[in-house]
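Chain residues, written in single-letter form:
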Amino acid sequence: MTNKEINLISDTITRPTPEMLNFMMKAKVGDDVFNSDPTVLELQTKIAKLFGMEAALFFPSGTMANQTAIKLHTQPAEQLICDKWSHVYNYESGGASFHSGVSCKLIDGHRGMFKAEQLSEVIHDPKQYYLPLSSLVVVENTTNKGGGACWDYHELEKIQQVCRANGLSYHLDGARLFNALVAKNEKPEQYGKLFDSISICLSKGLGAPIGSLLLSSEKNIYNAIRVRKLFGGGMRQVGYLAAAGIYALDHHVERLQEDHDRAKLLGKALLASDWVEKVEPIETNIIIFKLHKNRDEQSFMKVMEKEHIKLISMGEGKLRIVTHLDFTDQMLSKVIEVIEKI
Ligand SMILES: *Cc1c(COP(=O)(O)O)cnc(C)c1O
């Protein structure tokens, strides 16, 4: 990234801060394939304790953590149930079918979220042996394609009850769970007690360069170590990266509120522009907006590009901006100025 560039395509583009890098360099490391990297073990214990869950496992990516969860909770030919916009269905290269041999039943939700009643309607009766057996429900909080929307916690509880009543496992894709916790002032333990497994990305809003975690029961994590190795995700002196995660959990959680505040100010500026028809409600750090029909997406992107501001198109006439750790107030003023002048 050049000095001038303001990159708002994603919260994954952040670079470690000097303090984080310094902390990483000092990490004690060992061979994590032999389960003997002290910093990895510390991070895993720390996050499990935070959520009140039995155990956790460090992964190179959120995709691998999610795909491992799917593998743990399903058998080939079964079906997982998720929203039509979910990451596990849309953005993991078809991994659910490739790694676990399962199909996805898609719920037509709102902004990536659905109701417990909608779930009840699509669960297959196990007696109907000719239908794929429903075995897993996956929800996402915040929702990525849904524009960083946060679930209503009560609805997540109702969905858990439906899962329990039907013998389904319940996985949370919490790539941006900390954004939801900060935005809604919720506690990690509330989530730990609701789900059979949770994945969390350290490399999004939390600002670590690499890394995700899977949280679950002792038994599931024991099995997850084998699956992770099978997927090629066993890593050696990876404590340097786990250290970034520890640093992020200690220093980069509360500050997510700043990203959310900046996102809201950007949303306001966009809404005031006569180029913009609609801005989706902004709850966290993702802004999805639509231009008026007579305004061309490409010309909007070009004007932004000329000012060294990067954003991305989501298709269907939608554009996306994501705020993050490397997006400062100074940059915010510049972007608002550009939006006002366009
Ligand atoms: C980013 C993301 C993931 C994981 O992505 P990786 O790039 O593999 O770390 C999973 N789910 C959601 C909702 C995400 O936004």
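The model shown is predicted, which means the values in this text are computed figures rather than measured ones.

A.B. asks: An account of the domain arrangement of the protein is needed here, citing residue identities and associated values.
C.D. replies: Segmentation of the protein into domains returns domain 1 (6-13 + 255-341) and domain 2 (18-251). The C-alpha centroid of domain 2 is placed 28 Å from the C-alpha centroid of domain 1. At the junction of the two partners, domain 1 supplies 17 residues and domain 2 supplies 22 residues. Summed over both sides, the interface of domain 1 with domain 2 buries roughly 1,600 Å², with 50% coming from carbon and sulfur. Viewed at the interface, domain 2 and domain 1 are joined by 3 salt bridges. With a closest N to O distance of 3.7 Å, Arg 111 and Glu 280 form a salt bridge. Taken together, domain 1 and domain 2 are joined by 7 residue pairs in polar contact (both at pLDDT 80 or more).

A.B. asks: Tell me about the site of the ligand, and please be specific about residues and values.
C.D. replies: Surrounding the ligand, one finds 13 residues, the nearest of these being Gly 62, Thr 63, Asp 173, Arg 176 and Lys 204. Between the ligand and His 87 there is a distance of 3.4 Å, counted from a nitrogen atom to a side-chain nitrogen or oxygen. Residue Lys 204 places a side-chain N or O atom 3.0 Å away from an oxygen atom belonging to the ligand. Alone, the ligand offers 380 Å² of accessible surface; in the complex the protein occludes 83% of this.

A.B. asks: Describe the sheet that holds strand S10 (residues 286-291), listing the residues and the values that go with them.
C.D. replies: Strand order in this open sheet of 4 strands is S9-S10-S13-S12, and the pairing throughout is antiparallel. Both outer strands of the open sheet, strand S9 (276-279) and strand S12 (312-315), are each paired with one neighbouring strand and no more. Adjacent strand axes in the sheet meet at a mean angle of 35°, parallel and antiparallel pairs treated alike. The pairing of S9 with S10 spans 3 bridges and is classified as antiparallel. Bridge pairing links Val 279 to Phe 289 in S10. Where helix H13 (residues 297-306) meets the sheet, its contacts fall on S10, S12 and strand S13 (318-322), and the angle it forms with S13 comes to roughly 25°.

A.B. asks: Any details on the packing of helix H8 (residues 177-184) against helix H12 (residues 256-272)? Residues and values, ideally.
C.D. replies: Where H8 meets H12, the closest approach of the two axes is 9 Å, and the angle between their N-to-C directions is 80°. Of the possible angle classes, the one that applies to H8 and H12 is roughly perpendicular. Each of Phe 178, Asn 179, Val 182 and Ala 183 in H8 lies in contact with H12, whose residues at this interface are Leu 256, Gln 257 and His 260.

Rules used in this analysis
- Residues numbered from 1 in each chain as written.
- Predicted model: local features only at pLDDT ≥ 70, side-chain atom pairs only at ≥ 80, totals over all residues.
- Heavy atoms only, no water.
- Domains from an automatic or database assignment.
- Contact = heavy atoms within 4.5 Å.
- Buried area = accessible area lost by both parts, 1.4 Å probe.
- Salt bridge = Lys/Arg side-chain N within 4 Å of Asp/Glu carboxyl O.
- Polar contact = N/O pair within 3.5 Å; in protein donor to acceptor, adjacent residues only side chain to side chain.
- Near = heavy atom within 4 Å.
- Areas by Shrake-Rupley, 256 points an atom, 1.4 Å probe, with all protein chains shown as cover.
- Pairing = 2+ DSSP bridges.
- Helix = DSSP H or I, 4+ residues; strand = E, 2+ residues; numbered from the N terminus.
- Axes fitted to C-alpha atoms, helices over the stretch in contact; angles between N-to-C directions.
- Parallel < 35°, antiparallel > 145°, perpendicular 65-115°, else oblique.

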